[in-house]
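Coordinates in review
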Amino acid sequence: GQQLNQSPQSMFIQEGEDVSMNCTSSSIFNTWLWYKQDPGEGPVLLIALYKAGELTSNGRLTAQFGITRKDSFLNISASIPSDVGIYFCANGGATNKLIFGTGTLLAVQP
Amino acid sequence: GAVVSQHPSWVICKSGTSVKIECRSLDFQATTMFWYRQFPKQSLMLMATSNEGSKATYEQGVEKDKFLINHASLTLSTLTVTSAHPEDSSFYICSARPGGWSPLHFGNGTRLTVT
């Protein structure tokens, strides 16, 4: 079935560092979504991408829709302790159902 | 806007009993809601699509007789885990979208522990 592979699986960084993670798929998609999940809570939407090549920012977060439409990247600049959590890419293509990536765990040391 | 609320936040039940989880869209109507399950250190896995006024659609491998879904109104979907067993212990999360191609919004999840 459809799989979204995220890399890296986990990251342990110092506060203030920049972070980069990516999501790849064997299928082509028309949208890419990035969510963050805090422990014990549901995912919260960070950024939505709707066009190949699109680069969108939300504060310190920047995400890009890969030109091949098979991948997406999320960057976090100047990380802070509250950035801790699991970051998921997701998309659903034309099915209306949302499939999640494998997730990237981010730990930020003050 | 686009708030999705789940209740309860956590529940502990004995093996063999049934548990009902509610998912409400607070400020919008949702003809479709989605139920996910998440085991520790894993991603969210779609269980089923809840359709208002009709039967739910289950993903492959999800037992429809065990996970009963009812979507009786445009703002409420319920998931009932019947005859729960310890292996059903998980984090259950619902989601809905305000409409069209809006991104999905998620509830805060329900932690189910079956003893």
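Please refer to the structure higher up on the page.
As a starting point, this report considers the structure included with it. (Residues numbered from 1 in each chain as written. Chains lettered and ligands numbered in written order. Predicted model: local features only at pLDDT ≥ 70, side-chain atom pairs only at ≥ 80, totals over all residues. Heavy atoms only, no water.)

**Some points on the pairing of strand 7 (residues 61-65) of chain A**
Residue and element names in this part refer to chain A. The alternating pattern of strand 7 places Leu61, Ala63 and Phe65 on a buried face, while none of Thr62 and Gln64, on the opposite face, is buried. The pairing of strand 6 (residues 55-58) with strand 7 spans four bridges and is classified as antiparallel. Bridge assignment links Ser57 to a residue of strand 7, and that residue is Thr62. Where strand 7 and strand 8 (residues 71-76) come together, five bridges link them in antiparallel fashion. Across the sheet, the residue bridging to Phe65 is Ser72, located in strand 8. With antiparallel pairing between neighbouring strands as the criterion, strand 7 and strand 8 make up a hairpin whose turn holds five residues, including Arg69 at a positive phi of roughly 70°. (Buried < 20%, exposed > 50% of the residue type's maximum accessible area, 1.4 Å probe, protein only. Helix = DSSP H or I, 4+ residues; strand = E, 2+ residues; numbered from the N terminus. Pairing = 2+ DSSP bridges.)

**Focus on the layout of surface pockets**
The probe, sized like a water molecule, is rolled over the atoms to show the empty space still left. Of the voids in this model, the largest pocket is the one considered here, and its volume is about 510 Å³. Lining of the largest pocket is provided by 22 residues; of these, A:Ile86, B:Gln38, B:Pro40, B:Lys41 and B:Gln42 occupy positions nearest its centre. Counting only elements with at least two residues in the lining of the largest pocket, the list comes to strand 9 (85-91) and strand 11 (104-109) of chain A. Of the residues belonging to the lining of the largest pocket, the class tally is eight nonpolar, 11 polar and three charged. (1 Å grid on protein atoms, 1.4 Å probe; cavity = no way out; pocket = protein on both sides within 12 Å on 5 of 7 lines; lining within 4 Å. Points joined across faces, edges and corners; volume = space filled by probe spheres on them. Nonpolar A, V, L, I, M, F, W, Y, C, P; charged D, E, K, R; others polar.)

**Focus: the packing of aromatic side chains**
In this structure the tally under the stated criterion is eight aromatic pairs over all chains. The interplanar angle of 50° and the centroid separation of 5.6 Å between the aromatic rings of A:Tyr35 and A:Phe100 together place this pair among those described as tilted. With a gap of 65 residues between them, A:Tyr35 in strand 4 (residues 32-37) and A:Phe100 in strand 10 (residues 99-100) connect regions that are remote in the sequence. Look at A:Phe100 and you get buried, because its relative accessible area is 6%. Ring geometry for B:Phe67 and B:Tyr92: centres 6.3 Å apart, planes at 40°, overall tilted. With a gap of 25 residues between them, B:Phe67 in strand 7 (residues 67-73) and B:Tyr92 in strand 9 (residues 90-96) connect regions that are remote in the sequence. Here B:Phe67 falls in the buried class, since its relative accessible area comes to 3%. Exposure remark for B:Tyr92: the relative accessible area of 0% places this residue in the buried category. (Phe/Tyr/Trp six-rings, centres within 6.5 Å; stacked < 30°, edge-to-face > 60°.)

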